[in-house]
Amino acid sequence: MTVTTDQEHRARPAGGSGSRKLLDTVLKVRELAIGAVLVVMLLATQLDNSDFLSQQGIKDLLLNATILVLVAVGQAMVVITRNVDLSVGSTLGISAFAAGDYLSGGGNPLVAVVLAVLLGAALGAVNGLLVSLGRVPALVVTLGTLYIIRGLDSVWVGSRQITASQLPSGFAGFGHDGLSVIPYLALLTAAVLVCVAYYLRAYRGGRDLYALGSNPEAARLAGVPVRRRILTAYVVCGALAGLAGALYLARFGNVDSGTGTGYELTVVSAVVVGGVAFTGGSGTVYGAALGALLLTSINSVLPSIGVSSVWVQAIDGFLLLLAIAVDRVVALRVADLLRKRAAETRSARHA
Amino acid sequence: MPDTTVKPPAAPATGSRRPGPRLSGAIRWDTAVGTLLVVLLICSFSFVDNFGNALNISFLIGNALPVALIALPMTALVVAGEIDLSVGSTAGLSGAVMGALWNDGLAIQVIIPLCVLLGVVCGLINGLLVTRLGLPSLAVTIGTMAAFRGVAQIVLGSNSVTDFPQQYLDFGSGRIGGTFIPDAAVPWAVLALVAVLVLHATPVGRSLFAVGASQQAARFAGIRVKRLKLSMFVATGTVSALTGVFWALHYASARYDNATGLELSVIAGVLLGGVDFDGGKGTLGGAIAGVFLLGALQNVMSLVNVSAQSQIVVTGALLVISVLAPRVGRQVAQARARRNAAEDPPPAAPPPS
């Protein structure tokens, strides 16, 4: 987790005009703030309960976070374009079952993962086509596909269930083992995270997503292929939800028709807590990943310091509210500052 | 009041005269949904066994009532360009508080006003965050959705409270005499009448349409946008809390997870009824028709043994179609208009969309 923030700092090009630097600082502070909250929280818990950060404890923290981080990274891409994908929970569920069904029939684990990713990408493409071609509000359409995919999943799965005993032992091992304290799943997730972050920062397609989110009309006039970019974001989001489904299967070994229900809200919370604004055009996938890590860590921290688990949901909700409120206040302050700077430069030029 | 005298010029153009001129000859979406509801009811009466008896109809209406209740203020909110996803959680919280206070031995006549007051507070939280901080209502209400549900869980834990006084339970699930009308449908009808009048026949309603069409223009026209939106959030919270009370009585059980997912049914119904998600367009009659169309469809599908899972698919598909169809229609109409314009060159300026 600290690794990602470090990369974030090194990667950001220094320089640019004063306002640019100011904005950069704020964005960095944003991710730093989540990171600091996370570290403080973990250390405090460790002081209270010395077993918390044991080798197994760290491994559990990372394992719990991986699936949410993956979905949050995909969701962040969509939210950056000022859209949203609420169907990720359903996509995760149906991909997990598809992979499990294939594996329990004696399939190859690698093919199963590819299958889950492809299924997710296809479902993402449906969402993307509806949003980009139909020009309908993303919230409503993906709410609809949330129902549709969940319904299809339930009809297909029925009362069947995939259990760990039906899976090849190597696959389940992949879900639990790792290099010392770092699970393989976390390594895979980190690799995906770094790739997506690099694409968003360094490639034209990635920058276009931000342009689209900041001002769709201006982006269109500037020649950004709006439909194709939105479609790409949704396909990646769906594919990552599918991959997360395969990893879910590897981690828990237990999939039924209810897998992933209600996941979309956790994902959206993680993304927004991580500083990817709902209004589009800002935030990074590192932030989203940190947000996901923070939310899953809270879920592990509360029981281990003896707080009843009934508090978890309320705390998640208040955290989300706090995050967006603080974001907003900071944004207003920055806008004020920038305006003042601009006014100063202008008067200096005139003088 | 001075603001209402300034506004009328802005409102009529955006509100009641819906798509009309654009799709000449095409029917309005909300009347289409209403017709579809009537057709569905007639077909079900004729062909579906056990649909037509009074008991089943009262079940249909009773199950749709919570959704129909919240749809009233939600329509106003969506017309004004906002949305509230926390309604289900507010209802759950209100039910949980009702159960907890009842366990503590308070009189039910005291508890119900307290629950309504709680709804006002929930609405205020949403409304103040949206209007004073300028946050998107979607993000705020996703947050409060988790927060309110979480508080409900803290208040009641995993208990369920069922021993409410019998006369209240009878009101929640009874029907008038031997007819098909549930007792609770009467107060709902009164509320619905009030809501229709407010939305479609008062300055407040016209202001809501104006705000939804263009917030900036509405502000310049002297409408107190923030106060109006805040009051709509409060109304939504209040009605949601009432719904929570009704839910607990209707199903004779107050639990923290009551009314989970209710927000989705409400929004599906409202949008199906032709209320534009972007604000400024829609009728309450359409929204009510949409809610009861979904309710009737679910009832009929259960009767003809369509599994609950397939019902979810149908709900989702209807939701997608309800937003997709008007847009596709609009695009076709625009394309036709463009072709017409190309044939006989217009004098100037493209038509405002």
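Residues numbered from 1 in each chain as written. Chains lettered and ligands numbered in written order. Predicted model: local features only at pLDDT ≥ 70, side-chain atom pairs only at ≥ 80, totals over all residues. Heavy atoms only, no water.

J.: Explain the environment of A:Gly253 to me, please; I cannot follow it from the model alone.
T.: All names here are of chain A. As for its placement among the helices and strands, glycine 253 is situated in the loop between α11 (226-252) and α12 (263-273). Spatially, the C-alpha atom of glycine 253 lies 6.7 Å from that of alanine 172, the residues being 81 residues apart in sequence. Setting aside its immediate chain neighbours within four residues, glycine 253 contacts Ile162, Thr163, Ala164, Leu167 and Tyr248. (Helix = DSSP H or I, 4+ residues; strand = E, 2+ residues; numbered from the N terminus. Contact = heavy atoms within 4.5 Å.)

J.: Would you mind going over the UniProt feature "transmembrane region" (unreviewed entry) in chain B with me for this structure?
T.: The sites that UniProt annotates as "transmembrane region" (unreviewed entry) are residues 27-48, 54-78, 108-130, 137-156, 188-209, 230-253 and 284-304 of chain B. Secondary structure over residues 54-78 of chain B splits into 100% helix and 0% strand, and the C-alpha atoms at its two ends are 34 Å apart. (UniProt positions renumbered as here; feature names shortened; annotations may be inferred.)

J.: Could you clarify how one ought to interpret a nonpolar patch on the surface in this entry?
T.: Residue and element names in this part refer to chain B. A grouping of Ile176, Phe180, Ile181, Val186, Val190, Val194, Val198 and Val204 is seen on the molecular surface, where their side chains present a nonpolar patch of about 590 Å² in accessible area. By residue number, the principal contributor to the nonpolar patch is helix α9 (residues 185-201), which donates 4 residues. Tracing the sequence through the fold places valine 194 in helix α9. Given a relative accessible area of 45%, valine 194 falls into the partly exposed group. (Patch = residues over 30% accessible without salt bridge, like charges linked within 9 Å, V, L, I, M, F, W, Y side chains within 5 Å. Areas by Shrake-Rupley, 256 points an atom, 1.4 Å probe, with all protein chains shown as cover. Salt bridge = Lys/Arg side-chain N within 4 Å of Asp/Glu carboxyl O. Buried < 20%, exposed > 50% of the residue type's maximum accessible area, 1.4 Å probe, protein only.)

J.: Any chance you could explain the state of the cysteines here in plain terms?
T.: A disulfide bridge is the covalent bond that connects two cysteines by way of their sulfur atoms. Residue and element names in this part refer to chain B. Applying the stated criterion to the full structure yields 0 disulfides over all chains. With no disulfide of its own, cysteine 115 lies 10 Å from the sulfur of cysteine 122, the closest cysteine sulfur. A relative accessible area of 3% places cysteine 122 in the buried class. (Disulfide = S-S within 2.5 Å.)

J.: How do you make sense of the packing of helix α8 (residues 184-202) of chain A against helix α9 (residues 204-214) of chain A when you look at a structure like this?
T.: To describe two helices that pack against each other, one gives the angle between their axes and the distance between the axes. Residues and elements named next belong to chain A. Viewed as axis vectors pointing N to C, α8 and α9 meet at an angle of 75°, and their least axial separation amounts to 5 Å. Here α8 is positioned roughly perpendicular relative to α9, judged by the angle of their axes. Here Tyr199, Leu200, Arg201 and Ala202 of α8 lie close against α9, whose contacting residues are Arg204, Gly205, Gly206, Arg207, Leu209 and Tyr210. For the contact of α8 with α9, a count of residues per class yields 5 nonpolar, 2 polar and 3 charged. (Axes fitted to C-alpha atoms, helices over the stretch in contact; angles between N-to-C directions. Parallel < 35°, antiparallel > 145°, perpendicular 65-115°, else oblique. Nonpolar A, V, L, I, M, F, W, Y, C, P; charged D, E, K, R; others polar.)

J.: Explain a positive patch on the surface here, please?
T.: Residue and element names in this part refer to chain B. Side chains of Arg132, Arg219, Arg224, Lys226 and Arg227 sit close together on the surface and give a patch of like positive charge. Of note, arginine 224 is situated in the loop between α11 (215-220) and α12 (225-250). Overall, the relative accessible area of 49% leaves arginine 224 in the partly exposed class. (Lys, Arg positive; Asp, Glu negative; His and termini not counted. Charge placed at Lys NZ, Arg CZ, Asp CG, Glu CD.)

J.: Any chance you could explain the UniProt feature "transmembrane region" (unreviewed entry) in chain A here in plain terms?
T.: All names here are of chain A. The positions that UniProt labels "transmembrane region" (unreviewed entry) are, in the present scheme, residues 61-80, 110-131, 138-158, 178-200, 230-250, 262-278, 285-305 and 311-331. Across residues 230-250, the secondary structure splits into 100% helix and 0% strand, with the terminal C-alpha atoms separated by 30 Å. Span residues 285-305 is 95% helix and 0% strand, its end C-alpha atoms 30 Å apart.

J.: Is there a simple way to think about the interface of chain B and chain A in this case?
T.: A common way to state how big an interface is: give the accessible area lost once the parts meet. Every contact between the two is made by 39 residues of chain B and, on the other side, 35 residues of chain A. Of the roughly 3,300 Å² buried between chain B and chain A, counting both surfaces, carbon and sulfur atoms make up 83%. When residues of chain B are sorted by the area they lose upon contact with chain A, B:Ile142, B:Ile154 and B:Leu264 head the list and together hold 15% of the total. Put simply, chain B and chain A have 0 salt bridges between them. Where chain B touches chain A, the interface holds 1 residue pair in polar contact (both at pLDDT 80 or more). Those elements that place two or more of their residues in the side of chain B that touches chain A are α6 (108-133), α7 (137-156), α13 (262-272) and α15 (308-343) of chain B. No other element matches α7(B), which puts 14 residues into the side of chain B that touches chain A. Its residues placed into classes, the side of chain B that touches chain A shows 25 nonpolar, 11 polar and 3 charged. (Buried area = accessible area lost by both parts, 1.4 Å probe. Polar contact = N/O pair within 3.5 Å; in protein donor to acceptor, adjacent residues only side chain to side chain.)

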